[in-house]
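Descriptive analysis of the structure
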Amino acid sequence: MSSVATTPAAGEVVGMSPRKRRIIKALDIAGLIATIVTFLGAIFWAFPLYWALVTTLKVENDIVQPGIALWPQRFTLDAYTHVLFNTKIGTWYINSLVTAGSVTVCVVLMSALAGYAISQLKFPGRRILWWVILASFMIPIPALIVNHFVLISQFKLFNSWLGVILPQLVYGPVTVIIYKQFFDSVPKELREAAKIDNANEFQMFFRLYLPMNWGITTALAIITFIGAWNQFLWPFLAVTDEKMMNVTVGITQVTDAFGVKYARDLGSAILAGLPVAIVYLIFQRKVTEAIMLSAGIKG
Amino acid sequence: MADIRLVNVSKQFGTVRVIENVSMTIESGEFMVFLGPSGCGKSTLLRMIAGLEDIDGGEIHIGNRRVDELPPSERGVAMVFQNYALYPHMSVRDNMSFGLQNIRMPREEIAKRVAAAAKTLELEHLIDRKPGQLSGGQRQRVAIGRAIVRDPKAFLFDEPLSNLDAGLRARTRIEFAQLHQRMKTTMVFVTHDQIEAMTLADRIVVMNNRKIEQIGTPMDIYTRPASRFVAAFVGSPAMNFLPVQQISDRDGMALVKLPDNSEIQTNIATAHLPNDGQLTLGIRPESVRVDSDGTVSGKSDVIERLGERTLAYVRLADNSVVIAEDEGMSRLNVGDQVKLSFDGGSAHLFDARDVAYSAAG
């Protein structure tokens, strides 16, 4: 009598009960549905961006034609050349770079120092200070706009970089909390070893605690920079002089000066967002890390 | 190199006293080991010497200088931590240089010291690596290197071997002994491992319950324990303890009776023993032999064959268990009836307050 050896078909799981097979099949279907839904969501989200980009490459006459043209009939870069050469977008970029860069450096440095002090130093009022920082986290920023407006007005800082930068420095409590949590997690023996190694507080901060995890600082700096670059409301209120405008505020002038020109408006919006998109693409992982860190705090 | 003097040092955390009036002198160049169970206060005492814990009472002197008011960096000590506490983002070289850079030592001198320490500890090929790229033993050596470059008056080691596996621990123990012989610097070493204490120490401080139980050389501690705690804590397997009655003295030495009425002649002067109260006989397993001519009978419960010797856990008539030794090739089996002979000359007696009485001499 001869026996015939059978081999399982590809993908078939040997020795699996029918019930288990049914469950796996169900999971596969669920995965497929999730993929389709996510894909549709991505299209839904990305379509306006695509539409804006395509519109900037169209001739203005084609844009206002009825119907939906998903692809330009005639390609042109007129919108970009116009925005680049006939507006102050270069100055606006510099203003944005200076203000967003300054906000980033100041927020990160102050938050790191505050987080370090609250986490590692013992001083009277430490707990109260911590509660104040936590409490400031609960106040919505728009609620402070009037106060900021009055203060900046009294200090005569309208239409200046400082006037744009200073009120944005209060956006740091999340950063302080993240730093404090990180510094709390550093083993206390490192601090003790540093004490025996003659390190003072500044040496401990700048040579040990801060460099110990540049990843956190990089992530927080990137997300702070993106936030500061994208700020609109405060720079819009604090600056009326076109030469001092940030790029986010400046692009509104393109519309005012030249009437409604969809390609130019969208072109300036795309140019305004381009640096942030580039920063995001370069530091994608760090940005995601930073969002996860702050999401962890915000719950 | 300097001596360390502690005078009536006390410490409490909140309402809990963790060190009570501790006084001792660690001689210059001595290797002193603080030995005791977890929570006895030995690490706290070390940290108080280092300046990482403030003291609530007493004085600490290093050399001729009172240091208990000084910050850790000004006490002239170097410390090696249990988890090494290496700076994770710095290379081995930077870890060793950090302390010297902070006191603004010239670069050439730093480089010279680091190179010398790296050579001594065979770290030259690892000098540019970061701690995360090193094994446990290598990290340990870097931590020692970081201490050595400071050329301290005293080294403080807080359970530095406890994170190593058994084999590496034994090797590193020998390296510590060699290091001390080479450097001849005062070293204070905290451990709960009696083998580390016995093999490394010039003297051991046995601590229990916030207090010093005994200070002495390893052999002093082993052969003449000051209390029942020390007798039980030092030695592996642990000392046997049996309730006894003193029945008479012979030439001034106590003769005691076990619960099964067998008698043991000790070398302990009766003049020192309390007149009343319960006594406990303490005798190490190597002084209790399995012997067909022995006077004490029992039944073997457990047999441990260690190769060069065999340990027999023998249950006596009163149900107490005695650990006895037999030769390595012993044919003893579980359940066998055995006879034991006690070497009463090396036995100890403990009174109701656990104070020890040992043989004279």
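Residues numbered from 1 in each chain as written. Chains lettered and ligands numbered in written order. Predicted model: local features only at pLDDT ≥ 70, side-chain atom pairs only at ≥ 80, totals over all residues.

Comments concerning the overall build of chain A
Filter applied, for reference: Numbering of helices and strands runs from the N terminus; a helix is a DSSP stretch of H or I covering at least four residues, while a strand is a stretch of E covering at least two. Our radius of gyration looks at C-alpha atoms and nothing else; its globule reference is 2.2 Å times the residue count to the power 0.38. With C-beta atoms placed from the backbone, a residue counts as buried when 20 or more other C-beta atoms lie within 10 Å of its own, as exposed when 12 or fewer do, and as partly exposed for counts between those limits.
Within chain A one finds 15 helices and 0 strands. Radius of gyration (C-alpha) of chain A: 27 Å, far over the 19 Å computed for a compact globule of 299 residues. Across its three principal directions, the C-alpha atoms of chain A cover 100 × 75 × 35 Å. A total of 299 residues make up chain A; the buried ones form 28% of that total.

Brief notes about the overall build of chain B
Within chain B, the regular secondary structure consists of 8 helices and 21 strands. Taken along its principal axes, the extent of the C-alpha atoms in chain B is 75 × 45 × 35 Å. Of all 361 residues assigned to chain B, the portion counted as buried reaches 42%.

What about the interface of chain B and chain A?
Counted only if it meets this: We call two residues in contact when their backbone-placed C-beta atoms lie within 7 Å. Each residue gets one label: Ala, Val, Leu, Ile, Met, Phe, Trp, Tyr, Cys and Pro are nonpolar, Asp, Glu, Lys and Arg are charged, and the others, such as Gly, are polar.
Across the boundary between the two partners, chain B contributes 16 residues, which contact 14 residues of chain A. When contributions to the side of chain B that touches chain A are tallied by element, the ones reaching two or more residues are strand S6 (77-80) and helix H2 (92-102) of chain B. The greatest single-element share of the side of chain B that touches chain A, amounting to 3 residues, is contributed by H2(B). Along the lines of polarity and charge, the residues of the side of chain B that touches chain A split into 11 nonpolar, 5 polar and no charged.

Here's the deal with the domain arrangement of chain B
Stated formally: Segmentation of the chain into domains, including their bounds, is taken from an automatic or database domain assignment.
Split by domain assignment, chain B resolves into domain 1 (4-227) and domain 2 (240-357). Computed over C-alpha atoms only, the centres of domain 1 of chain B and domain 2 of chain B are separated by 39 Å.

Re the sheet that holds strand S13 (residues 263-269) of chain B
Residues and elements named next belong to chain B. Selection rule: Paired strands, as defined in this entry, are two strands with at least two bridges between them according to DSSP.
Ordered by their spatial adjacency, 6 strands build an open sheet running S13-S12-S11-S14-S20-S21, and the pairing between neighbours is antiparallel. Two strands in the sheet have a free side with no partner beyond their single neighbour: S13 and strand S21 (356-357). Note: strand S14 (residues 279-283) against strand S20 (residues 348-350), 3 bridges, orientation antiparallel. Note that in S20 the partner of Gly-282 across the bridge is His-348.

Some details on the sheet that holds strand S5 (residues 65-66) of chain B
Residue and element names in this part refer to chain B. With respect to topology, 4 strands assemble into an open sheet ordered S2-S1-S4-S5, the strand pairing being antiparallel. Each end of this open sheet is capped by a strand with a single partner; those strands are strand S2 (16-26) and S5. As paired elements, strand S1 (residues 4-13) and strand S4 (residues 57-62) share 5 bridges and run antiparallel to each other. Bridging from a neighbouring strand, Ser-10 pairs with Gly-57 of S4.

Considerations on the packing of helix H4 (residues 89-120) of chain A against helix H11 (residues 214-230) of chain A
All names here are of chain A. Under the convention used in this document: With axes taken as lines fitted to C-alpha atoms, and helix axes fitted only over the stretch in contact, angles between N-to-C directions fall between 0 and 180 degrees. Note on terminology: angles under 35 degrees are roughly parallel, angles over 145 are roughly antiparallel, angles of 65 to 115 are roughly perpendicular, and the others are oblique. Each crossing is labelled by how the near helix is turned from the far one, with a counterclockwise turn of less than a right angle marking it left-handed and a clockwise turn marking it right-handed.
Relative to each other, H4 and H11 sit at 140°, their axes nearing to 8 Å. Taken together, the axis directions place H4 and H11 in an arrangement best described as oblique. Handedness of the crossing formed by H4 with H11: right-handed. Side by side, H4 and H11 meet where Ser-96, Thr-99, Ala-100, Val-103, Thr-104, Val-107, Val-108 and Ala-112 of the first sit next to Thr-217, Leu-220, Ala-221, Thr-224, Phe-225, Ala-228 and Trp-229 of the second.

Observations regarding the nonpolar core
Defined as follows: What we call a nonpolar core is a set of buried Ala, Val, Leu, Ile, Met, Phe, Trp, Tyr and Cys residues whose membership is set by joining through C-beta atoms within 7 Å.
Ranked by size, the top nonpolar core spans 154 residues in total, and within it Ile49(B), Leu156(B) and Val188(B) carry the most contacts. With sequence-adjacent residues up to four places away left out, Ile49(B) is seen in contact with Ile4(B), Ile60(B), Val77(B), Leu156(B) and Val188(B).

What to know about the pairing of strand S17 (residues 309-316) of chain B
Residue and element names in this part refer to chain B. Relative to S17, strand S16 (residues 296-305) is paired through 7 bridges, and the arrangement is antiparallel. Bridge pairing in S17 places Val-302 opposite Tyr-313. Counted along the chain from S16 to the antiparallel partner S17, the turn is 3 residues long, and its residue Gly-307 has a positive phi close to 100°. Alignment of S17 against strand S18 (residues 321-327), held across 7 bridges, turns out to be antiparallel. Bridging across to S18, Arg-315 finds its partner in Val-321. Between S17 and S18, which follow one another and run antiparallel, lie 4 residues, and Asn-319 among them has a positive phi close to 80°.

Some details on helix H1 (residues 42-50) of chain B
Residues and elements named next belong to chain B. For H1, the buried fraction is high: 8 of the 9 residues fall into the buried class. Listed as buried for H1 are Lys-42, Ser-43, Thr-44, Leu-45, Leu-46, Met-48, Ile-49 and Ala-50. With its phi angle positive at about 95°, Gly-51 sits one or two positions after the end of H1.

Concerning the domain arrangement of chain A
Residues and elements named next belong to chain A. The domain architecture assigned to chain A consists of domain 1 (18-77) and domain 2 (79-298). On a C-alpha basis, the centroid separation for the pair domain 1 and domain 2 is 33 Å. On the domain 2 side, the residues contacting the 8 residues of domain 1 number 10 residues. Elements supplying a minimum of two residues to the side of domain 1 that touches domain 2: helix H1 (18-56) and helix H2 (60-63). It is H1 that provides the largest number of residues to the side of domain 1 that touches domain 2, a total of 4 residues. Of the residues contributing to the side of domain 1 that touches domain 2, the split by class is 4 nonpolar, 2 polar and 2 charged.

Examining the environment of Ile133(A)
Tracing the backbone through its elements, the reader meets Ile133(A) in helix H5 (residues 126-136). Along the primary structure Ile133(A) and Gly172(A) are separated by 39 residues, whereas in three dimensions their C-alpha atoms are 9.0 Å apart.

Some thoughts on the packing of H2(B) against helix H4 (residues 136-148) of chain B
All names here are of chain B. Across the interface, H2 lies against H4 with an axial gap of 8 Å and an inter-helix angle of 30°. Classified by the angle their axes make, H2 and H4 are roughly parallel. The crossing of H2 and H4 is right-handed. Across the interface between the two elements, Val-92, Asn-95, Met-96 and Gly-99 from H2 touch Val-142, Gly-145 and Arg-146 from H4. Of the residues contributing to the contact of H2 with H4, the split by class is 3 nonpolar, 3 polar and 1 charged.

Observations regarding the confidence of the model for chain B
Note: predicted coordinates in regions of low pLDDT should not be interpreted at a detailed level. The cut-off we apply is this: A residue's pLDDT is simply how confident the predictor is in it, with values from 0 to 100.
Residue-level pLDDT values for chain B average 92, and 99% of them are 70 or greater. Across the predicted assembly, pTM comes out at 0.80 and ipTM at 0.84.

Overview of helix H14 (residues 262-282) of chain A
Along an α-helix, a turn takes 3.6 residues, which lines up residues three or four apart on a common side. Residue and element names in this part refer to chain A. To keep it simple, the criterion reads: In this analysis, the expected span of each helix is defined as 1.5 Å times one less than the number of residues it contains. Here the bend at each residue means the angle between axes fitted to two seven-residue stretches, the one ending at that residue and the one beginning there.
Its 21 residues place the ends of H14 29 Å apart at the C-alpha level, agreeing with the 30 Å of an ideal helix rising 1.5 Å per residue. A maximum bend of about 40° is found in H14 at Leu-274, where proline Pro-275 lies one to four positions downstream. Among the residues making up H14, those that are buried are Ala-263, Arg-264, Asp-265, Leu-266, Gly-267, Ser-268, Leu-271 and Ala-272.

Here we look at unusual backbone geometry
The phi angle of most residues is negative, glycine excepted, and most peptide bonds adopt the trans form. Residue and element names in this part refer to chain B. In this structure, Pro-237 follows Ser-236 across a cis peptide bond, with omega equal to 0°. Its identity is not glycine, yet Arg-210 carries a phi of approximately 75°, on the positive side. Structurally, Arg-210 can be placed in the loop between strand S9 (203-208) and strand S10 (211-216). For Asn-319, which is not glycine, the phi torsion reads 80° and is therefore positive. Looking at the element boundaries, Asn-319 is found in the loop between S17 and S18.

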